[in-house]
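Chains, contacts and geometry: an overview
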Amino acid sequence: MNDISRQYGIADDPTQAFESLRQEISLLHTAIQGLTAAREKIPDYSPTLGAISRQLAAVTEGIARIEQAPAVKLTPSMMVQQLAKAAADARADDKRQMDDARADLHKVIGRMDGLVVRARSTDLQRKRELRMMLGAFLFGILLWSFLPGVVARSLPGSWHVPQWMAARTLGTEHATRDNRVADNDHIPEKN
């Protein structure tokens, strides 16, 4: 037994063996206390691990949604076809909007042309009316200048209208009346 005792470092003396055992148990006890103390000093990672777990679940859900998206299922040639179709639809919509805008612009231009034509015709009509009024005024002056003379000469001579008009024009109307009365006195009466 001595060979085995020496090989494993066991003392031959039981007192020494117990002392050695006591030291090892004491060392083991200190180590366990240290582990317990170290375990109590370890922070609680439960909330952090819970947050990481929730984020991981959200990422997993997002990846699942991305995998279900139609764009992921498209091949490059199908994607090119989809893009070409979308571009053609956009161009067609733009063309329709441009055609509508062009039609509206033509309507507005037509209305403006109508207003310009109407304004021009109104202006021409006003000028024509002004010319007509001026012509009528001049014609009235001309007519008034010789018409009274024609009418006066067409009346019977015994009325003495031309003499009366001349006297009135010269401002000698009273003298002419007196002269007419005097002239009538000299006229011999017919028997």
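As the structure is a prediction and not an experimental result, all values here were calculated from the model. (Residues numbered from 1 in each chain as written. Predicted model: local features only at pLDDT ≥ 70, side-chain atom pairs only at ≥ 80, totals over all residues. Heavy atoms only, no water.)

Description of the pattern of salt bridges
Across all of its chains, the model carries eight salt bridges by this definition. Close ionic contact of D99 with R102 constitutes a salt bridge, the shortest N to O distance being 3.0 Å. Of this pair, D99 and R102 are both found in helix 5 (residues 76–154), three residues apart, which corresponds to roughly one turn of the helix. Relative accessible area serves as the criterion here: at 32%, D99 is assigned to the partly exposed category. Note on R102: relative accessible area 42%, which makes it partly exposed. Between K127 and D123 there is a salt bridge, with the nearest N and O atoms lying 3.7 Å from each other. With a gap of four residues between them, K127 and D123 both fall in helix 5, about one helical turn apart. For D123, a relative accessible area of 38% gives the class partly exposed. (Salt bridge = Lys/Arg side-chain N within 4 Å of Asp/Glu carboxyl O. Helix = DSSP H or I, 4+ residues; strand = E, 2+ residues; numbered from the N terminus. Buried < 20%, exposed > 50% of the residue type's maximum accessible area, 1.4 Å probe, protein only.)

Let's talk about unusual backbone geometry
One non-glycine residue, H160, lies in positive phi territory at about 55°. On the secondary structure map, H160 appears in the loop between helix 5 and helix 6 (161–170). According to the relative accessible area criterion, H160 is partly exposed, its value standing at 27%.

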